[in-house]
Structures are given as structure tokens and as C-alpha cells.
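Now for the letters of each chain:
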Amino acid sequence: MGRCYPQSGVSVAAVACATFRLQAGDRVALVGRSGSGKSTLLHLMAGLEVPTSGAITWPALGAADTLLPEKIALVFQSPSLLEPLTVNENVALPLLMANANGDIGRAVANTLAIFGLENLALKLPEELSGGQMQRVAMARAIVGNPRVILADEPTGQLDQATGRAVLDALIAHLAGTQTALVIATHDLAVAERMQRVWQMEQGILIEADKRLVGV
Ligand SMILES: Nc1ncnc2c1ncn2[C@@H]1O[C@H](COP(=O)(O)OP(=O)(O)OP(=O)(O)O)[C@@H](O)[C@H]1O
Ligand SMILES: [Mg+2]
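Notes on the structure follow. These figures come from a predicted structure and were not determined experimentally.

We now examine the site of ligand 1. Around ligand 1 there are 14 residues in total, and Q7, S34, G35, K38 and T40 lie nearest to it. Side-chain polar atom of S34 to an oxygen atom of ligand 1: 2.5 Å apart, as the coordinates give it. If you list the elements that add at least two residues to the shell around ligand 1, you get β1 (3-7) and α1 (38-46). Per element, the largest residue contribution to the shell around ligand 1 is 3 residues, and it comes from α1.

Another point: the side chain of D26. Tracing the backbone shows D26 in the loop between β2 (10-15) and β3 (27-32). For D26, a relative accessible area of 10% corresponds to the buried category. For D26, the side chain forms a polar contact with the side chain of R196, separated by 2.5 Å. Excluding anything up to four places from it in sequence, D26 contacts R21, T179, A180, L181, Q195 and R196.

Let us look at the coordination of the magnesium ion (ligand 2). Surrounding the magnesium ion (ligand 2) are the protein donor atoms S39 (OG) and Q77 (OE1), which sit 2.0 to 2.2 Å from the metal. Within this pair, whereas S39 is found in helix α1, its partner Q77 is found in the loop between β4 (72-75) and α2 (87-97), the two being separated by 38 residues in sequence. Given the relative accessible area of 39%, Q77 is considered partly exposed.

So, how was this worked out
- The residue numbers shown here count from 1 along each chain, following its written sequence.
- Each chain gets a letter, beginning with A, and each ligand a number, beginning with 1, in the order they are written.
- In view of the model being predicted, local features appear only for residues whose pLDDT reaches at least 70, and side-chain atom pairs are presented and counted only at 80 or more, with totals across whole chains, interfaces and linings using the full set of residues.
- As a convention, hydrogens and water are excluded, and side-chain values are obtained from all of the structure's heavy atoms.
- Whether a residue is near a molecule or strand depends on its heavy atoms: if one lies within 4 Å, it is near.
- The definition of a polar contact used here is a pair of N or O atoms within 3.5 Å, where within protein one atom must be able to donate a hydrogen and the other to accept one, and adjacent residues in sequence count solely through side-chain atom pairs.
- Counting from the N terminus, the helices are the DSSP runs of H or I reaching at least four residues and the strands are the DSSP runs of E reaching at least two.
- The cut-offs for exposure are 20% and 50% of the maximum accessible area for each residue type, with area from a 1.4 Å probe on protein chains only; residues under the lower value are buried, those over the upper are exposed, and the others partly exposed.
- Any two residues whose heavy atoms approach within 4.5 Å are treated as being in contact.
- Sites may look incomplete, because water is not among the atoms used; the donor set itself consists of N, O and S atoms within 2.8 Å of the metal (3.2 Å for Na, K and Ca).

Here is the structure:
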């Protein structure tokens, strides 16, 4: 599977060759230099981008246009909260889009509590720090219990201790579930917590041996 983009009239491969299998319960760190294709790969996996060669299929999840946000949740690298909505409303969105049954307010409150965000529930995104926005985006990703979570550098704007706390909370929340997690990261401490390492090198995905990449 691959994805090319036209750049200055030339077709450039953001993802040249990626062959992978993601299984229920997997914990994967997606590492690689800036520009190596990590975000593009996650967008392809989420169905936001379409491969220009090959295909991604999700035999256990269904058709590509039914994946987001119920079955696959994506935490974007760049800020992605909806500006006019409060933290509560942003986190409730996946549940509203899925016509979820039950007490949405309670589900949102419980999810905010996982990341220690209770006090920010009524704030607007513009009132948050970058790191707080990232944590709210993470809460929004997990609130609907998706089958796959794709998180694009979710601790990139956090100090080390906060980043570790967020990851601890996420891993504890997913413990014992069959939710698969793929985290793109430059932080080897994050990669160390995952079972598998996918390394992107100039658009080529390699399943790396953790010991060889120094993780
Ligand atoms: N929409 C686009 N149009 C043209 N080129 C693109 C587009 N999106 C990504 N690219 C190119 O594809 C390559 C891979 O980009 P990508 O964002 O996937 O890298 P990355 O590994 O996530 O980098 P970083 O660690 O900096 O986030 C880059 O060379 C980038 O310029
Ligand atoms: Mg990226």
C-alpha cells in the first residue's frame, strides 16, 4: 500500500511501501524521522486518505466509510478541537455522531476524569494550553470505546511527567480490552511502553526489532 502526492509537478511518495497487519489488542509505536510518513500512514489507516497504490482493509471492522469515529478514533497531530464547542461538547461528539444510548454526560465526565480534565469541562478550546487540548483530543478519541485508536504524537506538547501520566492513564484504561493502539511518537520512552515498533524510513514501513532501534 502506498500514497503519493503531487509536489511541484512531480509525484512524491509520502508512503512508498507499507505492508502491515494490525490485530485486536496490539500496542504499536510508530517511529521515524520527521517527514518519513507517519501521519500519512495514520490518515490512510483511518480512511481519511485513500492509497494511490494497494489498499487497506479491515476485515473485522467493515467498510472504510463506516470506520470513523465509532470503530477507529484518530488523535490528530495538529489541534483538532472544534472552536465553538466546550470541552464537554467536543468530547461528546463521537457519542452523538454514533447515536449512542445511555447517559452521554456521565460517559464524558468519566472520560475527562481519566486524564484529570474534570475542571476544564466548561472551557472553550481557546482557553486551553496546547497540552490540555491534546489531552481533551485524547479523551474524545477514547470516549466511544473504538476498536482502534490511532494517536499522532499525542504527548508531543506535554512535559515528560505529564506525558508519562497521560500514557499511563491510556494504557490502564485499555488494559484487558481488545482495542488496538498505534501511537506515532518521537519519544523513545513512549515507544518503550508498546509491544511492537513500526519504523518509517522515507515512506517505507519496517517492523523493527525493539532492541535494534534502541527502544
Ligand atoms: N497533503 C500533502 N500534499 C503534499 N505532500 C504531503 C502532504 N501530506 C504529507 N506530504 C508529504 O509527505 C511526507 C510525509 O509527511 P508526514 O506528515 O506523513 O510525515 P511525518 O512522519 O508525520 O512527520 P512529522 O514527524 O514531522 O510529523 C512529507 O514529505 C510531506 O511533505
Ligand atoms: Mg506527523
